[in-house]
Amino acid sequence: MLQKCLTFVFLSCFVMDKGNSCNARPVRPVNRKELSGGVADSVELIKEKLVEKGFNIFTTVDHAENAAGVDLELRPTTVIIFGNPKVGTKLMQCAQEYAIDLPQKVLVYEDADGKVWAVVNNQMALADRHGASGCQALVEKVNGVLGGLLESF
């Protein structure tokens, strides 16, 4: 029975997607980089770099501060919401549901071991999630820009 199920899955994959998803490696939903500073200093550095690169910073959300406001504890966890409407609009024109993940975000947090991380969404995963088609070059470019930004932090 198991063999029949596996055969069906393989053939379905092969026939419906011309074999591509059978060999496809999963795309990581996010890209991350370990940072050397603390969360507060890293957030300020990242905001400076974003402004330097011409991005608008819409807001910063300090989840740990918000948790403390309701008597809960959370390790330092901050999200910087930023973007460029010229690029974000093009992504939404490609797949309107992309809007739920825009503006872009950088998560900066301290893990249980005291390491500090910066995390951005993988645009290839978002494009797949939202069924974006016909804009692969744009998605790859945005993914490359965000990857370069992440490396610069």
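The model shown is predicted, which means the values in this text are computed figures rather than measured ones.

Chemist: Sorry if this is basic, but what is going on with the state of the cysteines here?
Modeler: What is meant by a disulfide is a covalent connection between two cysteines, made through their sulfur atoms. Applying the stated criterion to the full structure yields 1 disulfide. Paired by a disulfide, C94 and C135 hold their sulfur atoms 1.9 Å apart. The S-S bond linking C94 to C135 shows a torsion near -70°; that makes this disulfide left-handed. Of this pair, C94 sits in helix 5 (residues 85-94) while C135 sits in the loop between helix 6 (123-129) and helix 7 (136-152), and the two are 41 residues apart along the sequence. According to the relative accessible area criterion, C135 is buried, its value standing at 10%.

Chemist: Which parts of the structure should I look at to understand the environment of R75?
Modeler: Note on placement: R75 falls in the loop between helix 4 (63-68) and strand 3 (77-83). For R75, a relative accessible area of 44% corresponds to the partly exposed category. Distance from R75 to Y109, taken between C-alpha atoms, is 7.4 Å for residues 34 residues apart in sequence. Those residues in contact with R75, other than ones at most four positions away along the chain, are A64, E110, D111 and A112.

Chemist: What should I look at first to understand the pattern of salt bridges in this one?
Modeler: Oppositely charged side chains may form a pair once their charged atoms are brought near each other. In total, this model carries 2 salt bridges according to the counting rule given. Here K47 and E44 are joined by a salt bridge, their closest N and O atoms 3.8 Å apart. Note that K47 and E44 are positioned in helix 3 (residues 39-52) at a spacing of 3 residues, about one turn of the helix. With relative accessibility at 22%, the residue K47 sits in the partly exposed group. Judged by its relative accessible area of 40%, E44 falls in the partly exposed class. Between D101 and R129 there is a salt bridge, and its shortest N-O distance comes to 3.1 Å. Remark: R129 occurs in helix 6 and D101 occurs in the loop between helix 5 and strand 4 (104-110); sequence separation between them is 28 residues. Residue classification places R129 among the exposed residues on the basis of a relative accessible area of 56%.

Chemist: When you look at the sheet that holds strand 1 (residues 30-35) in this model, what are you seeing that I'm missing?
Modeler: Picture the strands of a sheet paired through backbone hydrogen bonds; they go either parallel or antiparallel. Taken together, 5 strands build an open sheet; the order of strands is 1-5-4-3-2 and the sheet is antiparallel. The sheet is open, and its two edges are formed by strand 1 and strand 2 (56-62), each paired on a single side. Geometrically, the sheet is characterised by an average inter-axis angle of 20° between neighbouring strands, direction not taken into account. Together, strand 1, strand 3, strand 4 and strand 5 (116-121) form the strand contacts of helix 7, whose direction differs from that of strand 5 by roughly 170°.

Definitions and limits used
- Residues numbered from 1 in each chain as written.
- Predicted model: local features only at pLDDT ≥ 70, side-chain atom pairs only at ≥ 80, totals over all residues.
- Heavy atoms only, no water.
- Disulfide = S-S within 2.5 Å.
- Helix = DSSP H or I, 4+ residues; strand = E, 2+ residues; numbered from the N terminus.
- Buried < 20%, exposed > 50% of the residue type's maximum accessible area, 1.4 Å probe, protein only.
- Contact = heavy atoms within 4.5 Å.
- Salt bridge = Lys/Arg side-chain N within 4 Å of Asp/Glu carboxyl O.
- Pairing = 2+ DSSP bridges.
- Axes fitted to C-alpha atoms, helices over the stretch in contact; angles between N-to-C directions.

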